[in-house]
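Inside the fold
The primary structure of each chain is shown beneath.
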Amino acid sequence: MHRNLFKIAFSFIITTFFITSIIAQEVHEPKIDSDWVKPYPPFRIAGNLYYVGTYDLGCYLITTKKGNILINTGTAVSATLIKNSIEQLGFNFKDIKILLVMHAHFDHAGGVADIKEQTGAKVIADAADADVLEAGGKTDYEMGKYGVSFKPVKPDRLLYDGDIVKLGNMQITMLHHPGHTKGSCSYLFTVKDSSRVYRVLIANMPSIITDKKFADVTVYPTIRQDYAYTLNAMKNIQFDIWLAAHASQFNLQQKHPSGSAYNPSAFIDQKGYDEELNELQKKYDDKLKKDAEQ
Ligand SMILES: [Zn+2]
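Residues numbered from 1 in each chain as written. Predicted model: local features only at pLDDT ≥ 70, side-chain atom pairs only at ≥ 80, totals over all residues.

Observations regarding the overall build of the protein chain
Inclusion rule: Only DSSP runs of H or I reaching four residues or more are called helices, and only runs of E reaching two or more are called strands; each is numbered from the N terminus. We compute the radius of gyration over the C-alpha atoms and compare it with the globule rule, which gives 2.2 Å times the number of residues raised to the power 0.38. Residue burial is a threshold on neighbouring C-beta atoms within 10 Å of the residue's own C-beta, all placed from the backbone, with 20 or more meaning buried, 12 or fewer meaning exposed, and counts in between meaning partly exposed. Think of it this way: build a C-beta for each residue from its backbone, and any pair within 7 Å is a contact.
Helices and strands together make up the secondary structure of the protein chain, namely nine helices and 12 strands. Here the protein chain has a C-alpha radius of gyration of 21 Å; the compact-globule value for 294 residues is 19 Å, and the two agree. In terms of principal-axis extent, the alpha carbons of the protein chain reach across some 80 × 55 × 35 Å. Out of the 294 residues belonging to the protein chain, those deemed buried represent 42%. Contacts spanning at least 24 positions in sequence make up 65% of the contacts within the protein chain whose residues lie at least 6 apart.

Brief notes about helix H5 (residues 112–119)
Among the residues of H5, those classed as buried are Val112, Ala113, Ile115, Lys116 and Thr119. Packing partners of the buried residues in H5 comprise strand S4 (67–71), helix H3 (78–88), strand S5 (96–100), helix H4 (106–109) and strand S6 (122–126).

Overview of the packing of helix H7 (residues 223–234) against helix H9 (residues 270–293)
Convention followed: A fitted line through C-alpha atoms serves as each axis, taken over the contacting stretch for helices, and the angle formed by two N-to-C directions is quoted from 0 to 180°. An angle below 35 degrees is read as roughly parallel, one above 145 as roughly antiparallel, one from 65 to 115 as roughly perpendicular, and any other as oblique. Each helix crossing is assigned a hand: it is left-handed if the near helix lies turned anticlockwise from the far helix by less than a right angle, otherwise right-handed if that turn is clockwise. The nonpolar class holds Ala, Val, Leu, Ile, Met, Phe, Trp, Tyr, Cys and Pro. Asp, Glu, Lys and Arg form the charged class, and all remaining residues, Gly among them, are polar.
Viewed as axis vectors pointing N to C, H7 and H9 meet at an angle of 160°, and their least axial separation amounts to 11 Å. As summarised for this structure, H7 and H9 are arranged roughly antiparallel, according to the angle between their axes. As H7 runs across H9, the sense of the crossing is left-handed. Touching Tyr227, Leu231 and Met234 of H7 are Leu277, Leu280, Gln281 and Tyr284, all from H9. Of the residues that constitute the contact of H7 with H9, the class distribution is six nonpolar, one polar and no charged.

Brief notes about the sheet that holds strand S12 (residues 241–244)
Within a beta sheet, neighbouring strands are joined by backbone hydrogen bonds and run either parallel or antiparallel to one another. Heads up, the condition is: At least two DSSP bridges between two strands are required for those strands to pair.
Spatially, S8-S9-S10-S11-S12 is the arrangement adopted by the five strands of the open sheet, whose pairing is mixed. In this open sheet, the two strands that pair with only one neighbour each are strand S8 (164–167) and S12. Averaged over neighbouring strand pairs, the angle between their axes works out to 20° when direction is ignored. Pairing of strand S9 (residues 170–176) with strand S10 (residues 185–192) involves four bridges; the strand directions are antiparallel. Residue pairing for S10: threonine 173 is matched across the bridge by leucine 188.

What about the nonpolar core?
Rules: The term nonpolar core refers to a group of buried residues, namely Ala, Val, Leu, Ile, Met, Phe, Trp, Tyr and Cys, whose C-beta atoms join them within 7 Å.
If you look at the biggest cluster of nonpolar residues, it comprises 72 residues, and the most contacted ones within it are Tyr60, Leu99 and Val200. The element contributing the most residues to this core is strand S11 (residues 197–203), with five residues. Excluding anything up to four places from it in sequence, leucine 99 contacts Leu70, Val112, Ile115, Lys116, Ala121, Lys122, Val123 and Ile124.

Quick notes on the sheet that holds S6
A sheet is described by the order of its strands in space; here seven strands give the open sequence S1-S2-S3-S4-S5-S6-S7, paired in mixed fashion. Either end of the sheet is taken by a strand with one partner, and the two such strands are strand S1 (43–46) and strand S7 (157–159). Strand after strand, the sheet turns through a mean of 25° between neighbouring axes, direction not considered. Bridge count for S1 against strand S2 (residues 49–51) is three bridges, and the pairing is antiparallel. Looking at S2, one finds that alanine 46 is bridged to leucine 49. Each of S4, S5 and S6 touches H5; the most contacted strand, S5, lies at about 165° to it.

A few points about the environment of serine 194
Secondary-structure assignment places serine 194 in the loop between S10 and S11. The spatial distance from the C-alpha of serine 194 to the C-alpha of glycine 47 is 8.1 Å, given a sequence separation of 147 residues.

Structural notes on the pairing of strand S3 (residues 60–64)
For S3, the tally of buried residues reaches four of five residues, placing the bulk of the element in the interior. Of the strand pairs in this sheet, S2 and S3 are connected by three bridges, and their pairing is antiparallel. Looking at S3, one finds that tyrosine 51 is bridged to tyrosine 60. Pairing of S3 with S4, which is carried by five bridges, proceeds in the antiparallel orientation. Bridge pairing links tyrosine 60 to isoleucine 71 in S4. Hairpin geometry of S3 and S4 is characterised by an intervening segment of two residues between the two adjacent antiparallel strands.

This is the structure we're talking about:
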């Protein structure tokens, strides 16, 4: 009798151990840039659009009467910084109804699972990044080498190029901009204040992160064509305000030194956008040349 009880208890402990180790897939975040987790004072960019990111990781809050939309979360630790920033602006963290992801890397999607859990927000992402989000980065063609680099999360809705996300009076168009990841995307929408209307582009700039030849990236066979498509598509977008997933890409600190007053026109910068895009086009062209020589 005692022996049987002991056996049952023992197998129970072993089973529990295995189940918990499967559930709690360990997250190994790659090396974090100190600028990614440095706080930056939150501020109003234009109309109902606010900056709630860190010094370098662009996270954006769009407020509506039906609740709020958060675009990007930064790394796992910056989720707390975002919550503080949202509250500092006088908004309720739990009013986040929609969580949009620009691409499934740990420095932008690291807090998605936690914020979804804490707020009940619906996670919406580009369909082509869904499997990487669900795998916590493990299936990414490049970042997969780090294993699970962020807490896995299953999107509630998947978007395809040109799809629209609606909440309250907001309509956000998703632009599929693959290359950096299979499902990288940008968001385009309109906000207004008492003086004018602004068309806002939050762009996923197509930077190249792999050192491999494109032809050797076998798990992402269309990577070369995808970058070419995105570089071309991004040249034809009409917008007033330009923002991006990394603050350094659009020079946030120069445009809005911390503590400065409301000034949406500081972010009207077609020239800066064109220069950045030309730079990325050059890097892509150079990579193709290098690939051909190898
Ligand atoms: Zn990335």
